[in-house]
Amino acid sequence: MNREQIKPAVLCFTALTLITGIIYPLFVTVVAQLFFKNQANGSIIFQNGKPVGSTLIGQTFDDPKYLWGRLSATSPVSFNAASSSGSNMGPLNPALIEMVKTRLNALKTSEPDNSKPVPVDLVTSSASGLDPHISLAAAYYQVPRIAQLRKLEQKEVKEIIIKNTRSRLLGLIGEPVVNVLQVNLELDTYKR
Amino acid sequence: MISNNIIQSGIFLFVLVLAAKPLGIYMARIYEGKPAGINTWFGWLERWIYRFANINPEISMSWKTYAVAMMFFNMFGILVVYVLQRLQSILPLNPMSISSVAPDLAFNTAVSFATNTNWQSYGGETTLSYFSQMVGLTVQNFVSAATGMAVLVALIRGFVQKQVETIGNFWVDLVRSTLYILIPLALILSLVLVSQGVVQTFKPYTKVTVLQPVKDSNGNMIEEQVLALGPAASQVAIKQLGTNGGGFFNVNSAHPFENPTALSNFLEVLAILLISAALCYTFGVIVRDKRQGWALLAAMLIIFIPCLLFCIHMEQNGNPLLNNLGINQKTSALQSGGNMEGKESRFGIASSAIWATATTAASNGSVNSMHDSYMPLGGMIPMWLMQLGEVIFGGVGSGLYGMIAFVIIAVFIAGLMIGRTPEYLVKKIESYEMKMASLMILIPPIIVLVGTATAVILTQGRQAILNPGPHGFSEVLYAFSSAGNNNGSAFAGLSTNNIFYNIALGIAMFFARYWLAIPTLAIAGSLSKKKLVPATQGTLPTHTLLFIIFLVMIVLIVGALTFLPALALGPIVEHLMLVGT
Amino acid sequence: MDTLHKSKSLFEPSIVGPAIIDSIKKLDPRHHIKNPVMFVVLVGSIFTTGLYIQALLGHGEAPASFILSITLWLWFTLIFANFSEAMAEGRGKAQAASLRKARKDILAKKLSKPEHGSAYEKIPASKLRKQDIVIVEAGDIIPMDGEIIEGIASVDESAITGESAPVIRESGGDRSAVTGGTRVLSDWIIVRVSANPGETFLDHMIAMVEGAKRQKTPNEIALSILLAVFTLIFLLATVTLLPFSIYSITSAGHGAQVTVTVLVALLVCLIPTTIGGLLPAIGIAGMDRMIQANVIATSGRAVEAAGDVDVLLLDKTGTVTLGNRQAVSFIPTKNISVKALADAAQLASLSDETPEGRSVVILAKEKYGIRERQIHELNARFIPFSAQTRMSGVDLGDGRQIRKGSSDAIEEYVKKLDGSFPEDLKTEIASIARNGGTPLVVTEQKNVLGVIQLKDVVKGGIKERFAELRSMGIKTIMITGDNPLTAAAIAVEAGMDDFLAQATPETKLKLIRDMQTGGRLVAMTGDGTNDAPALAQADVAVAMNTGTQAAKEAGNMIDLDSNPTKLIEVVKIGKQLLITRGSLTTFSISNDISKYFAIIPAAFAGTYPALKVLNIMHLATPESAVLSAVIFNALIIVFLIPLALRGVKYKPMPANRLLRDNLLVYGVGGIIAPFIGIKLIDMILVALNLVR
């Protein structure tokens, strides 16, 4: 007697698939492409008409003249935006400590006379492996190095950083962060 | 000064409770068939579905028919998602030409989405085409949530109806949940998310030239970055609202294209708990005693808030091993500090910990940070919240019906303690209800413990573990806690995309879902048949603070006593080793 | 026979001795199979016994002495649980034994014809069958339950009720049932036997107190399910610890696998052995308490239902009010003094031996100092009440004719004598009736003197009892044949919630059915044959032992004291039974927290030394920690036997407060107590050098 529920099951599923699986995403896409074209397509930054990145996706920087971002655990290359991944290392994992130490060494090598404590987000990997941001503390930590290598005033570097900082939502929610790629793009084009 | 962590938690909870009431009232109107705007404007669509699917919406079903209808619908859904993945390579909307999914992974994913678990053994951008994500997963995001809500509504009817043999029409409950509750909310949320930067496009992945070329692990110089895109916003909105949690991308809502800003994060994490919290209020409205709804919501919050604060505290304290290396983990105006491994800068500690607690309290399972990299006790909170049976908010519908199972146990023990056969909401609770409720609290621990034990014995089980020491044990325990309670989040270091875990976790998710839903319907059927018992002075009031605390104690004690030994060998000992060194 | 009713001290040697032997006999697995909690303990005990033997043979997983101590205490846990059950049964058996003495096989005088004086033959009582007719004469023991069809006799029923004062039993009416085993003291009766041997009231009673007919009650079944679930969960939690432990050793690189002995110990500590072990005893003791209250329940289900009752139907007469109406005041008409009215009223009532009449005489004497006169001194003639005149009174030697009666009867009488009924009195009469009283008008010839107000007198203290019931959530409804006006007034005065006036068997039955349809559980008492349908319908029906056979058969409890307010006791005992179960369940589960703190560090500190921090009780060694927890778990059963047998104290109060109080004692107490207990046992073990 309950077999009579098979037909409604199949047909109802079909109808709901049509509505939620096709009409709904198509509708959202159309509206998104009409009203939020830039955001819907990845918030791409164009320089001279060429796409050079996304405001939302970080890139690897290990050249001392650039502002460095978070560590990235994606493979085969860091900040691989086609395959997001975190490190998933536990807090006691010796590999985590090794990773942190490697980064610490790189920081020390690039700026041997900086003896300030290193902000934690500069030596840890992000959840996505694509984090476009670092904390203000981590950005400021790198100011003397960048200023020295680029022969700029520290104040100027700081200004660029502050310009590319997003504060908390309503001053309360989330964290204030610096967009690493945008800072570096601006550093490269910066002219006094 | 109150720390920003507390302020953020406070705002989150305030907005949640504030939003629960109007949404709760709205949903009650929908389920009671009263006009509520959308259901009058789109009544034609609802009626079209019934006509199309040969459904007579006037027929009320016995609990068995209701269960059979639910099972047919869900089994067919599993089959469709499986087939879509297996045929992915020949189906349209596959701009990256991703190949078809292997059978074990396709099985795992199909069960995962139909059961509202949304465990991700797959990596979204590398495994699934746009078509599979939309027609397969997005659909399940809607209908698995609607299934949970339908079962809940049937149960609520059990408390309201008197002496009838039926519990309502599954198709009507399913369709109304989808059309009038889930779709409108998802539409609004997805468009707000797009405005924040969540991608929504059918274009192929896009390439950009990087500013500083970098060597990959093979020593090749990489000058381009491929950005994975897709119709993400439409899916992200419903995966948050429907406590599904299956991300469009591999790292879920930690991915900047799924969750780009503080605002998108706030709305997404709010969406996790929104419907589950509001359903408490809906419950109160339909049973004509709003205090009962508030009481359940209060019980949930009483467990949720301390867990949240504890998790924030542990994460904010940071990793003592890093302090020794001269790393600054202190919070300041310039940085959130704390344990930032596996967390996004824009979320810091507060937004990550709120999410981790909310996503595991509810059976959502989406993440915006990597739980595997949490401090031992910080990560124990998400794990334990799942082990409590996903009743602290829980899945949409399923969380509340799970909680009601605990209420049944609680009123039974409390009833004995005051010398009366227990009653809940003017219905007597007797041994049949006790049997079914007992089954509901029994199944998840069995799955979790037996699953974990099997995995740590087998080589395939052990090989998948990433982290050494007790943390590795935690990874396995977390995986089965997640699957066995239909959560879907993971200690993602565990490589579960292999035959053993895909099958074992698939089975776990299947039983955890339906072996709870079917007893729930049985209770609904049995309650519907009963007459109403008027409340007297001797009736135990179930809206008082005392009862709320008692209920909380029952939930905690069952959860704690069942899993304390296992937790002692995982996160607890890991923590003790960390502070001991 | 008074051993039956005397409350025995809990650990009376005559019960303890056999109970100890019984508790060993009950180790039989067949006995435990129905109780999953204790069955798991039994299996665990057998298992560790095996491990001990293995250790003796030199292949032990742990030192043999340690396994032995654990094994012994596991067996003790079982024996202690058995002991509690045997104790509860023992008390019942002792009572059954004393009841059996009443069932001596006696000779019955079986009549050939149901007539007094016809020939009888003497046959053994055990040969009697239903419908046989016997004669019982002074000094004889009534051979079998039956109904008196002729005669009247005073009967000593102390064998059943423990009440030594004889009772009157007569044919017809509501006092016609007699019970086998009781003794006729005077006169004779002819009895129609109403039960076959083995089915008599006494047989039922013996079976009941022995617990032979005990079936699990609905709540007990539900609780068993819950306990089984807890047992299963803990079984899994402990069994899976073995693979967890093996994995932990691999990942830590050192340590010893947790021993099976410790796992069994942990399992037994965690599963709710306290309530599981005491559950049968609690049930038996609940029935026992009913019997001590002189109430025989036909099933445990009825006892449990008593705790759930939310409506009590109580007969007005005898329960709410004293047996009869009493005069409470004299209200004279104009120009007549109260004293004159009182004097006349007393004169009219001197020979009236009805309780109402006596109360008029007494009121006149006590309130107005009018001496009680002897009717023959006054040369008076008493005019008794007759159905025609509907008056009674007195014709005095001096020619005065005083009459008293209902207002309309007197009005008619006065009019015949060309008198007139005073208007002012009519309003008084109406107001008396309105207030639940009965007006009795007094007249001397055609001169109406005034009215006597008769009133039902509500029993002292009854109002407080009803208030108590109300706080328990129980509604009280008074059943009376009075008109609604009178009924309402009495109900208000007695503090009852509602009343059923002008009650007939049909309206009573309808009331109960309506209540039940509304989801309420109804309790009532009754004794007459016309109560039988209502008794059969009620959820808890207490029949008076003095009542008719029909009433007794319709009820599911029989009150040997025939005290209608006994219902209140019955409700309390029912509640107490549930509360005892619930409280001990809570206690049992709460205990587990401390046991984890004792055993987990002990079991795994070898693999993960860091876990020693969890040894917050600072127990001396891992072995003493495990052993102390097991010993505590066994001893707590013994300590709680008195509570299980006596029941948790119950004071009527609103549900919320009751829950709070019991949670504080048994929940919070259950968490704290074992921390102290286990630590103490550990200290003793160390002091006695019993552990390494």
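Remember, it's a predicted structure, so these values are computed and weren't measured experimentally.

Pulling in residues and values, what's your account of the overall build of chain C?
For chain C, the count of helices and strands is 24 helices and 20 strands. In terms of overall size, chain C is more extended than a compact globule, its C-alpha atoms giving a radius of gyration of 34 Å where 692 residues would be expected to give roughly 26 Å. Considering only C-alpha atoms, chain C reaches an extent of 120 × 65 × 45 Å along its principal axes. Evaluated residue by residue, chain C yields a buried proportion of 57% over its 692 residues. Pairs at least 24 apart in sequence give 69% of the contacts found in chain C among residues at least 6 apart. Of the roughly 27,400 Å² of accessible surface on chain C, 58% is carried by carbon and sulfur atoms. Distance from the positive charge centre (71 side chains) to the negative charge centre (68 side chains) of chain C: 4 Å.

Quick one: what's the story with the arrangement of the chains, residue by residue and with numbers?
Comparison of the two pairs of chains in contact shows the highest number of contacts for chains A and B. Across the gap from chain A to chain C, with no contact made, the nearest C-alpha atoms are 13 Å apart.

Just give me the short version of the confidence of the model for chain C, but keep the residues and values in it.
Residues and elements named next belong to chain C. Here chain C averages 84 in pLDDT, and 95% of its residues register 70 or above. The element-level mean pLDDT for chain C is lowest in helix α5 (residues 158–161), coming to 70, with helix α9 (residues 260–270) highest at 94. In the predicted structure, residues 1–7 sits below a pLDDT of 50 and forms 18 contacts with residues beyond four places in sequence or in another chain.

Would you mind going over helix α9 (residues 232–241) of chain B in detail, with residue names and values included?
In terms of burial, α9 of chain B is a largely internal element, 10 of the 10 residues being buried. Within the sequence span of α9 of chain B, burial applies to Ala232, Ala233, Ser234, Gln235, Val236, Ala237, Ile238, Lys239, Gln240 and Leu241 of chain B. Among the structural elements, α1 (6–35) of chain A together with α7 (130–160), α8 (170–196), α10 (262–286) and α13 (348–361) of chain B are those in contact with the buried residues of α9 of chain B. Immediately beyond the C-terminal end of α9 of chain B, within one or two residues, lies Thr243 of chain B, with a positive phi of roughly 45 degrees.

Give me the pairing of strand β4 (residues 146–156) of chain C: which residues, what numbers.
All names here are of chain C. In this structure, β4 lies alongside strand β6 (residues 177–178), joined through two bridges in antiparallel fashion. Counterpart to Glu147 in the pairing with β6 is Ala177. When β4 meets strand β7 (residues 183–193), the two strands line up antiparallel, connected through 10 bridges. Considered in β7, the bridge of Ile152 is made with Trp188. Here four bridges tie β4 to strand β5 (residues 167–170), and the two strands are oriented antiparallel to one another. Following the sheet pairing, Ile152 is matched in β5 by Glu170.

So what's going on with the interface of chain A and chain B? Which residues, and what values?
With 110 residues of chain A in contact, the opposing surface of chain B contributes 125 residues. Surface buried jointly by chain A and chain B totals about 9,000 Å² across both partners, of which 68% is contributed by carbon and sulfur atoms. By the criterion of area lost to chain B, the three top residues of chain A are Phe13, Tyr24 and Asn88 of chain A, representing 9% of everything that side buries. Here chain A and chain B share one salt bridge between them. The salt bridge involving Arg346 of chain B is made with Asp131 of chain A; its shortest N-O contact spans 4.0 Å. Our count for the chain A to chain B interface comes out at 46 residue pairs in polar contact (both at pLDDT 80 or more). Secondary-structure elements contributing two or more residues to the side of chain A that touches chain B are α1, α2 (37–40), β2 (50–54), α3 (94–110), β3 (118–119), β4 (133–135), α4 (136–150) and α6 (180–189) of chain A. Tallying contributions element by element places α1 of chain A first for the side of chain A that touches chain B, with 26 residues. Of the residues assigned to the side of chain A that touches chain B, the class counts are 62 nonpolar, 34 polar and 14 charged. In terms of strand pairing, β3 of chain A meets strand β5 (residues 327–328) of chain B through two bridges, oriented parallel. Paired with Pro119 of chain A across the strands is Asn328 of chain B, a residue of β5 of chain B.

Can you explain the interface of chain C and chain B? Please cite residues and give values.
Of the residues lining the interface, 63 residues belong to chain C; the matching set on chain B comes to 56 residues. Across the chain C/chain B interface, buried area totals approximately 5,300 Å², and carbon plus sulfur atoms make up 76% of it. Contact with chain B buries surface across chain C, with Phe244, Tyr247 and Leu659 of chain C losing the most and accounting together for 14% of the total. Counting across the chain C and chain B interface gives one salt bridge. A salt bridge links Arg420 of chain B to Asp310 of chain C; its shortest N-O distance comes to 3.4 Å. Counting across the interface, chain C meets chain B through nine residue pairs in polar contact (both at pLDDT 80 or more). At 14 residues, the largest contribution of residues to the side of chain C that touches chain B is made by helix α7 (residues 218–239) of chain C.

If you had to explain the side chain of Glu315 of chain B to someone new, which residues and values would you point to?
Residue and element names in this part refer to chain B. Mapped onto the fold, Glu315 is located in helix α11 (residues 290–317). Among the polar contacts made by the side chain of Glu315, one reaches the side chain of Lys343 at a distance of 2.7 Å. Excluding residues within four positions of it along the chain, Glu315 makes contact with Gly338, Asn339, Lys343, Ile349, Tyr374, Met375, Gly378 and Gly379.

Let's hear about the side chain of Ser345 of chain B: which residues, and what values?
Relative to the assigned elements, Ser345 of chain B resides in the loop between β5 and α13. Within the structure, the side chain of Ser345 of chain B is placed 3.1 Å from the backbone oxygen of His133 of chain A, a separation counted as a polar contact. Residues within four places of Ser345 of chain B in sequence aside, it is in contact with Arg70, Asp121, Asp131, His133, Ile134, Ser135, Glu175 and Val177 of chain A together with Met340 of chain B.

Would you mind going over the environment of Ser489 of chain B in detail, with residue names and values included?
Residue and element names in this part refer to chain B. Topologically, Ser489 is positioned in the loop between α18 (470–483) and α19 (499–529). In this structure, the C-alpha to C-alpha distance between Ser489 and Asn364, residues 125 residues apart in sequence, is 7.5 Å. Setting aside residues up to four positions removed in sequence, Ser489 forms contacts with Trp119, Thr360, Gly365, Val367, His371, Met386, Tyr478 and Ser482. Reaching out from Ser489, the side chain makes a polar contact with the side chain of Tyr478 at a distance of 2.7 Å.

So what about a positive patch on the surface? Which residues, and what values?
Residue and element names in this part refer to chain C. On the surface, a cluster of positive charge is made up of Arg646, Lys649, Lys651 and Arg657. If you trace the backbone, Lys649 turns up in the loop between α23 (622–646) and α24 (655–687). Lys649 gets classed as exposed once you look at its relative accessible area, which sits at 78%.

Any chance you could break down the pairing of strand β18 (residues 522–526) of chain C for me, citing the residues and the numbers?
Residues and elements named next belong to chain C. Most of β18 sits out of view: five of its five residues are buried. Sheet topology note: the strand β9 (residues 311–315)/β18 ladder contains three bridges and is parallel. When the bridges of β18 are listed, Leu312 appears paired with Ala523. Bridge analysis of β18 against strand β19 (residues 540–544) gives four bridges, and the strand direction is parallel. For Ala523, the partnering residue across the bridge sits in β19 and is Val540. Crossover connection from β18 via helix α19 (residues 532–537) to parallel β19: handedness right-handed.

Any details on the packing of helix α22 (residues 592–604) of chain C against α24 of chain C? Residues and values, ideally.
All names here are of chain C. Taken N-terminus to C-terminus, the directions of α22 and α24 make an angle of 35 degrees; their axes are 7 Å apart at the nearest point. In contact with Ile593, Ser594, Lys595, Phe597 and Ala598 of α22, α24 contributes Ile671, Pro674, Phe675 and Ile678. Here the contact of α22 with α24 is composed, by residue class, of seven nonpolar, one polar and one charged.

I'd like to hear about the state of the cysteines, residue by residue, with values.
Residue and element names in this part refer to chain B. Across all of its chains, the model carries zero disulfides over all chains by this definition. No disulfide involves Cys307; its nearest neighbouring cysteine sulfur is the one of Cys311, lying 8.7 Å away. Classification of Cys307 as buried rests on a relative accessible area of 6%. Accessibility expressed as a relative area gives 0% for Cys311, which makes it buried.

Any chance you could break down the nonpolar core for me, citing the residues and the numbers?
A general feature of soluble globular proteins is that nonpolar side chains tend to end up buried together. Formed by 409 residues in total, the largest nonpolar core has its most connected members in Ile392 and Phe393 of chain B. If you tally residues by element for this core, the top one is helix α20 (residues 545–580) of chain B, at 19 residues. Inspection of this core shows a minimum of three residues originating in each of domain 1 (1–41) and domain 2 (43–189) of chain A. Once you skip the residues sitting within four places of it in the chain, Ile392 of chain B turns out to touch Met300, Ile303, Phe304, Ala361, Ala362, Leu385 and Val555 of chain B. Ranked by size, the runner-up nonpolar core spans 23 residues in total, among them Ala345, Val360, Val442 and Leu449 of chain C.

Conventions adopted
- Residues numbered from 1 in each chain as written.
- Chains lettered and ligands numbered in written order.
- Predicted model: local features only at pLDDT ≥ 70, side-chain atom pairs only at ≥ 80, totals over all residues.
- Heavy atoms only, no water.
- Helix = DSSP H or I, 4+ residues; strand = E, 2+ residues; numbered from the N terminus.
- Rg over C-alpha atoms; globule rule 2.2 N^0.38 Å.
- Buried < 20%, exposed > 50% of the residue type's maximum accessible area, 1.4 Å probe, protein only.
- Contact = heavy atoms within 4.5 Å.
- Areas by Shrake-Rupley, 256 points an atom, 1.4 Å probe, with all protein chains shown as cover.
- Lys, Arg positive; Asp, Glu negative; His and termini not counted.
- Charge placed at Lys NZ, Arg CZ, Asp CG, Glu CD.
- pLDDT = per-residue confidence, 0-100.
- Pairing = 2+ DSSP bridges.
- Buried area = accessible area lost by both parts, 1.4 Å probe.
- Salt bridge = Lys/Arg side-chain N within 4 Å of Asp/Glu carboxyl O.
- Polar contact = N/O pair within 3.5 Å; in protein donor to acceptor, adjacent residues only side chain to side chain.
- Nonpolar A, V, L, I, M, F, W, Y, C, P; charged D, E, K, R; others polar.
- Patch = residues over 30% accessible without salt bridge, like charges linked within 9 Å, V, L, I, M, F, W, Y side chains within 5 Å.
- Right-handed = clockwise from strand over helix to strand, strands pointing away.
- Axes fitted to C-alpha atoms, helices over the stretch in contact; angles between N-to-C directions.
- Disulfide = S-S within 2.5 Å.
- Core = buried A, V, L, I, M, F, W, Y, C linked by side-chain atoms within 4.5 Å.
- Domains from an automatic or database assignment.

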